[in-house]
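Residue-level structure breakdown
Next come the chains, spelled out residue by residue.
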There are 4 protein chains.
Amino acid sequence: MELRTDLALEARELAGENIHGVDYTVQQKDAIEIEKMVIKTERAGQLLKKPKGTYITIELPPLTNDFQDTDKRLVAIGEEIRSLLPYNGLVLVAGLGNIDITPDALGPKTMSGVLATRHISGEIAKSTGLDKLRPVAVLKTGVTGQTGIETGEHLLSVVKRIRPSAIIVVDALASRRLERLGCTLQISNTGISPGAGVGNHRTKITEETMGVPVIALGVPTVVDAVTLASDLLSVEQESDSVKIRERVSPKGRMMVVTPKEIDLLVERAAKLISLSINFALQKDFDIADLVALL
Amino acid sequence: MELRTDLALEARELAGENIHGVDYTVQQKDAIEIEKMVIKTERAGQLLKKPKGTYITIELPPLTNDFQDTDKRLVAIGEEIRSLLPYNGLVLVAGLGNIDITPDALGPKTMSGVLATRHISGEIAKSTGLDKLRPVAVLKTGVTGQTGIETGEHLLSVVKRIRPSAIIVVDALASRRLERLGCTLQISNTGISPGAGVGNHRTKITEETMGVPVIALGVPTVVDAVTLASDLLSVEQESDSVKIRERVSPKGRMMVVTPKEIDLLVERAAKLISLSINFALQKDFDIADLVALL
Amino acid sequence: MELRTDLALEARELAGENIHGVDYTVQQKDAIEIEKMVIKTERAGQLLKKPKGTYITIELPPLTNDFQDTDKRLVAIGEEIRSLLPYNGLVLVAGLGNIDITPDALGPKTMSGVLATRHISGEIAKSTGLDKLRPVAVLKTGVTGQTGIETGEHLLSVVKRIRPSAIIVVDALASRRLERLGCTLQISNTGISPGAGVGNHRTKITEETMGVPVIALGVPTVVDAVTLASDLLSVEQESDSVKIRERVSPKGRMMVVTPKEIDLLVERAAKLISLSINFALQKDFDIADLVALL
Amino acid sequence: MELRTDLALEARELAGENIHGVDYTVQQKDAIEIEKMVIKTERAGQLLKKPKGTYITIELPPLTNDFQDTDKRLVAIGEEIRSLLPYNGLVLVAGLGNIDITPDALGPKTMSGVLATRHISGEIAKSTGLDKLRPVAVLKTGVTGQTGIETGEHLLSVVKRIRPSAIIVVDALASRRLERLGCTLQISNTGISPGAGVGNHRTKITEETMGVPVIALGVPTVVDAVTLASDLLSVEQESDSVKIRERVSPKGRMMVVTPKEIDLLVERAAKLISLSINFALQKDFDIADLVALL
């Protein structure tokens with residue numbers, strides 16, 4: 001049976017820590033641990049079932065509204081995001097997922113906090129200094145079942161029109177380990193692959209398909225119940241995977257494991273990510289000012 | 001390890017089907033299966049870990065908005081509820097649980113659809129026939145962590161004031177089996193016991209504490225992850241329960257298993273239950289009229 | 001002072017009923033009154049401050065959930081929408097406005113009920129008959145202040161990608177008369193003009209800019225307070241318009257007049273419009289089936 | 001015609017500034033203007049159509065999330081609230097109004113931010129210092145149309161059970177002037193009178209009916225359209241009030257004037273008031289800590 005995870009960190013745990021072609025480093029910055037993993041070869045990517053590229057993982061603070069204490073983390077996250085972006089130019093920030101399904105709502109909920117600036121221009125902007133803001137466009141793509149449009153198709157049509165220098169996509173992830181739910185942010189420059197995310201996207205959203213760098217941000221909000229079951233049972237013994245799948249995914253309904261307070265978790269992760277993106281994109285502005293602006 | 005369930009049906013499955021002092025019957029009404037279980041002795045109650053009383057279980061329709069097709073089910077549910085209520089007199093309907101936590105929101109969400117009528121009186125009511133409505137009061141109790149008031153305490157204070165002839169409480173339940181999530185309605189005349197429900201109430205809400213009959217309605221919205229794990233592993237072998245608990249309830253956080261589309265499931269169960277309660281309470285009114293009134 | 005209205009009906013009331021180049025007819029269909037106005041010349045359009053084209057106005061039912069009783073109205077509305085659409089081909093349905101601002105939320109809220117079908121294809125669709133559904137894509141455009149993208153720009157980029165045969169846009173309107181709030185649906189084939197809608201769009205969304213027919217649907221949700229004041233005072237006497245504007249739009253804040261229960265009004269209008277659009281687009285399907293599907 | 005206002009300040013403007021038996025002072029505290037009005041005699045109360053007692057009015061900050069800048073205001077408001085409360089003992093904080101009707105939702109929305117502490121006790125509380133928190137209970141009363149229970153009746157039943165030393169009620173108000181919408185907080189020790197608030201309560205909630213001091217907090221969210229019209233027209237000339245009422249309240253529907261962004265206004269006022277109440281009640285705790293706790 002398959003252990004499903006969108007986290008490169010967990011893919012490495014599963015595949016083994018000594019794979020050739022994978023660089024792994026841990027850095028401390030202001031007491032925050034930043035794990036960086038670079039998959040450098042196609043072969044390593046195949047072993048890990050993740051595309052070649054850079055994956056950064058940062059632990060999130062416990063559930064709290066206290067943004068004074070999370071300033072350092074916000075700065076660390078913002079700087080890592082910025083390190084993957086071109087130095088200037090329009091950035092399109094897109095929230096993937098279904099706002100009506102709590103564990104899939106991270107993307108659209110994050111978008112509500114990202115500062116759109118592409119439309120700010122003219123004399124008033126100049127006189128207030130707002131013309132120094134980096135141009136940003138913000139999109140909630142919706143989900144194919146509700147729009148009839150593939151997420152990648154929607155993004156591409158907007159990209160062709162507004163010609164961003166890079167795209168940031170935010171999406172809810174599935175992890176293998178329950179302790180990571182809501183506690184881990186993954187930043188990568190590899191975009192989104194089919195089958196990833198809580199909503200299981202069907203199209204690739206990558207530099208290859210979009211024509212510009214695609215930075216993906218995600219926080220795990222669920223563990224697939226099939227993964228949990230496989231994980232629990234494989235520890236003990238080999239088992240009949242079909243029988244287990246029937247028990248934890250009755251009639252093919254996808255069952256997920258989440259903290260009971262999943263609503264709160266998504267709300268707060270969305271707030272932290274949106275503030276980090278704002279910090280990454282508007283580097284000449286003070287965080288407090290940005291918080292006030294929103 | 002403990003297999004947690006709020007469903008009497010599952011308690012019977014666990015304890016065995018041939019317990020002395022338990023009556024179990026299955027009835028067909030308009031193609032709807034109604035399972036009725038009566039726990040008649042204290043000893044049977046102890047074996048099942050459920051209070052003495054009547055437990056009725058009805059399968060819910062699949063997720064759909066098509067209330068034309070669910071009319072029969074609505075009637076069946078309404079008639080079972082009515083069978084447990086006094087013939088007339090004020091009824092207090094109370095929704096338990098936390099509206100901000102999706103799997104715990106069934107109670108308050110149901111209340112939004114229950115027709116309050118206790119305040120309707122006077123000449124206008126007479127001329128429109130509305131004075132023939134059974135008097136109903138509707139309460140969202142909130143949860144102790146947000147109110148500082150125990151749910152039972154809150155209910156009791158209102159009961160002493162408005163003197164209902166019976167109370168209906170609606171609450172989200174935990175089941176043992178994933179296939180029952182959102183698919184089973186339990187109706188009982190035993191009220192709510194400590195530790196029951198998704199939110200784990202701490203006080204008894206029963207005829208004994210309230211002084212009037214307490215009808216409890218609930219639909220399972222979660223399986224406790226500890227229960228799922230215990231269930232999966234006990235099938236195979238005895239295991240170290242502490243180790244398992246740490247894995248599926250890291251740092252003591254309660255993890256739950258739900259369908260991915262839990263928001264939809266709660267929304268629709270709430271709608272069906274509220275319509276059934278309205279039908280149970282306002283027997284002289286047409287269902288279509290009631291739907292129109294709301 | 002200006003009397004602001006997005007309703008062609010009210011523009012005609014203001015400009016006079018005997019303008020050359022305007023056809024006006026009233027039709028009864030199943031006890032539902034359908035007013036049809038055709039502006040045939042540029043000059044008539046200038047006098048009415050509305051673009052040339054067809055404007056259909058239908059009275060909405062009082063606030064009620066009783067969709068059995070509104071079936072006829074739904075059919076009437078659906079048929080009028082269909083009469084303005086090409087016979088077949090993909091239709092893009094777009095909800096304009098800000099979902100976080102209640103009186104501006106009609107567009108996005110309506111979209112939640114419109115059936116997207118463009119992605120339904122393949123063997124399963126064939127075997128269930130769903131391949132006979134007309135292809136429909138559904139978009140919530142968001143508002144420029146939150147996206148950095150002009151509504152028209154967003155629509156056009158998607159249009160270029162998916163190549164619809166027509167566009168339906170839904171938007172909240174401003175009327176002159178309070179009694180029309182929530183009670184009138186306007187259907188036109190003239191698209192959306194700058195300055196229209198509650199959110200005051202800045203770009204044209206018309207057949208000219210989009211390259212395909214644009215059907216606009218709207219319900220008035222507000223009367224601009226400046227319009228109400230002008231209206232009240234002009235009846236009596238000429239007045240200092242600057243002074244009045246300062247009183248009813250202090251510090252330039254836009255003040256609107258709405259029914260107290262504006263949330264309910266928007267919710268129900270959105271439901272009715274989405275059902276009507278579904279009926280217009282899926283003419284081979286039964287209304288009851290469509291309701292069940294959603 | 002009647003000019004409806006729940007603000008004592010505006011009642012004074014209407015009745016004249018030199019009424020015998022009314023004390024009026026303005027104080028500056030940290031650049032914040034605090035207007036205090038004391039109605040000392042029954043006769044003055046009759047002239048002003050407000051009960052005898054103290055009314056404090058504080059200007060609110062413009063719409064912003066920047067709570068760093070609003071700390072001073074929060075402290076000023078908190079200290080005024082505290083000045084009207086008994087020195088210690090349980091406080092019941094109650095939010096009045098309908099959470100589903102945006103302009104009436106201030107009360108229940110504020111409650112979501114008020115820290116309930118009455119249930120915190122025992123060894124854990126002692127070891128963390130939380131036992132020093134003042135006991136607070138928090139209630140959303142709902143509205144009679146949805147509960148069948150009068151707001152005052154609901155409050156009284158809880159008061160009899162939990163025996164608070166004082167009650168704080170929060171409710172949305174109607175003002176006469178548009179420029180005060182969302183910009184003015186009124187604090188009084190006179191409770192709530194019939195006909196006050198956006199929802200027009202029918203029962204008295206005062207020290208007389210509740211048996212303990214009742215502090216009322218409110219922010220105007222609407223101007224009644226009849227009041228606006230009366231105000232506009234009375235300036236110019238006497239007019240036929242019945243005709244005007246028909247125009248601005250067609251078929252008796254209550255029409256209200258609000259800023260377009262009423263949702264935002266209510267959200268932010270609720271946040272500020274809840275923080276101020278927390279500060280007033282938990283004087284031994286740091287504001288930043290309290291923000292973090294919530």
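The coordinates are above.
Sequence order sets the numbering: in each chain, residues are counted from 1 along the sequence as written. Each chain gets a letter, beginning with A, and each ligand a number, beginning with 1, in the order they are written. The model is predicted, so local features are restricted to residues of pLDDT at least 70 and side-chain atom pairs to those at 80 or more, both for listing and for counting; the totals for chains, interfaces and linings are taken over all residues. The side-chain values count all of the structure's non-hydrogen atoms but skip hydrogen atoms and water molecules.

Describing the interface of chain C and chain D
Taken residue by residue, the interface counts 37 residues in chain C and 37 residues in chain D. Across the interface of chain C and chain D, roughly 3,300 Å² is buried in total on both sides, 58% from carbon and sulfur atoms. As a working definition, buried area equals the accessible area (1.4 Å probe) given up by two parts on being put together, with both sides summed. Of all residues in chain C, Leu-232, Arg-247 and Lys-260 of chain C bury the most surface against chain D, accounting for 23% of the area lost on that side. Counted as salt bridges are all cases of a side-chain nitrogen of Lys or Arg within 4 Å of a carboxyl oxygen of Asp or Glu. Linking chain C with chain D are two salt bridges. One salt bridge connects Arg-247 of chain D with Asp-231 of chain C, and the closest N-O pair in it is separated by 3.9 Å. A run of H or I in DSSP counts as a helix once it spans at least four residues, and a run of E counts as a strand once it spans at least two, with each numbered from the N terminus. Put simply, the parts of the chain that give the side of chain C that touches chain D at least two residues each are α9 (225-236), α10 (241-248), β9 (255-259) and α11 (262-281) of chain C. Looking at which element gives the most residues to the side of chain C that touches chain D, the answer is α9 of chain C, with eight residues. Any two strands with at least two DSSP-identified bridges between them are counted as paired. Note that β9 of chain C and strand β9 (residues 255-259) of chain D share five bridges and pair antiparallel. Bridge pairing links Thr-258 of chain C to Val-256 of chain D in β9 of chain D. Contact criterion: two residues are considered in contact whenever any of their non-hydrogen atoms come within 4.5 Å of each other.

Remarks on the packing of aromatic side chains
Aromatic ring pairs: the centre-centre distance and the angle between the two ring planes describe each pair. Stacked, tilted and edge-to-face pairs are distinguished by plane angle, under 30 degrees for stacked and over 60 for edge-to-face with tilted covering the rest, among Phe, Tyr and Trp rings (Trp via its six-membered ring) whose centres lie within 6.5 Å. A complete count under the given rule lists zero aromatic pairs over all chains for this structure. Lysine NZ or arginine CZ positioned within 6 Å of the ring centre and within 35 degrees of the ring normal marks a charge as sitting over the ring. The ring of Tyr-87 of chain A has Lys-283 of chain A lying over it, and the distance from NZ or CZ to the ring centre is 4.4 Å. Here the guanidinium or amino end of Arg-12 of chain C rests over the ring plane of Tyr-24 of chain C, the centre of that ring lying 3.7 Å away.

Looking at the relation of the copies chain D and chain B
We place the copies in one frame by least squares, fitting the C-alpha atoms of every residue whose pLDDT is at least 70 in both. Screw-axis analysis of chain D against chain B gives a translation of 0.0 Å along the axis, an RMSD of 0.0 Å, and a rotation angle of 180°. Viewed as a symmetry operation, the transformation between the two copies matches a two-fold axis. For chain D, the residue whose C-alpha comes nearest the rotation axis is Ser-157 of chain D, separated from it by 2.6 Å. The fraction of interface residues of chain D whose copies in chain B are also interface residues reaches 100%, indicating that both copies meet through the same surface.

Points about the relation of the copies chain C and chain D
Put simply, the two copies of the chain differ by a rotation about an axis and a shift along that axis. Expressed as a screw transformation, the operator carrying chain C onto chain D has a rotation angle of 180° and an axial translation of 0.0 Å, and the superposed copies differ by an RMSD of 0.0 Å. Of the interface residues in chain C, 100% have counterparts in chain D that sit at the interface too, so the contact is made through matching surfaces.

Details of the packing of helix α7 (residues 151-162) of chain A against helix α7 (residues 151-162) of chain C
The angle between two axes is taken between their N-to-C directions and runs from 0 to 180 degrees, where each axis is a line fitted to C-alpha atoms and a helix contributes only its stretch in contact. Interhelical geometry of α7 of chain A versus α7 of chain C gives an angle of 115° and a closest axis separation of 8 Å. Helix-helix and strand crossings are classified by hand; for α7 of chain A and α7 of chain C the assignment is right-handed. Between α7 of chain A and α7 of chain C, the contacting residues are Glu-153, His-154, Leu-156, Ser-157, Val-158, Lys-160, Arg-161 and Ile-162 of chain A on the first element and Glu-153, His-154, Leu-156, Ser-157, Val-158, Lys-160, Arg-161 and Ile-162 of chain C on the second. When grouped by side-chain class, the residues that make up the contact of α7 of chain A with α7 of chain C number six nonpolar, four polar and six charged. Each crossing gets its handedness from the near helix: less than a right angle anticlockwise from the far helix is left-handed, clockwise is right-handed. For this classification, the nonpolar set comprises Ala, Val, Leu, Ile, Met, Phe, Trp, Tyr, Cys and Pro, the charged set comprises Asp, Glu, Lys and Arg, and every other residue, Gly included, is treated as polar.

Examining the pairing of strand β7 (residues 184-188) of chain B
Moving residue by residue along a regular strand, the side chains alternate between the two faces of the sheet. Residue and element names in this part refer to chain B. Throughout this description, buried means an accessible area under 20% of the type-specific maximum (1.4 Å probe, protein chains only), exposed means over 50%, and partly exposed covers the range between. When you tally the buried positions in β7, you get five out of five residues, the bulk of the element. Alternating positions in β7 separate into two faces, Thr-184, Gln-186 and Ser-188 on one and Leu-185 and Ile-187 on the other, with burial throughout. Note that strand β3 (residues 53-59) and β7 share five bridges and pair antiparallel. Bridge assignment links Ile-56 to a residue of β7, and that residue is Ile-187. When β7 meets strand β8 (residues 214-224), the two strands line up antiparallel, connected through three bridges. Residue pairing across strands places Gln-186 opposite Gly-218, the latter belonging to β8.

The quantities given are spatial measurements derived from coordinates; they are silent on function.
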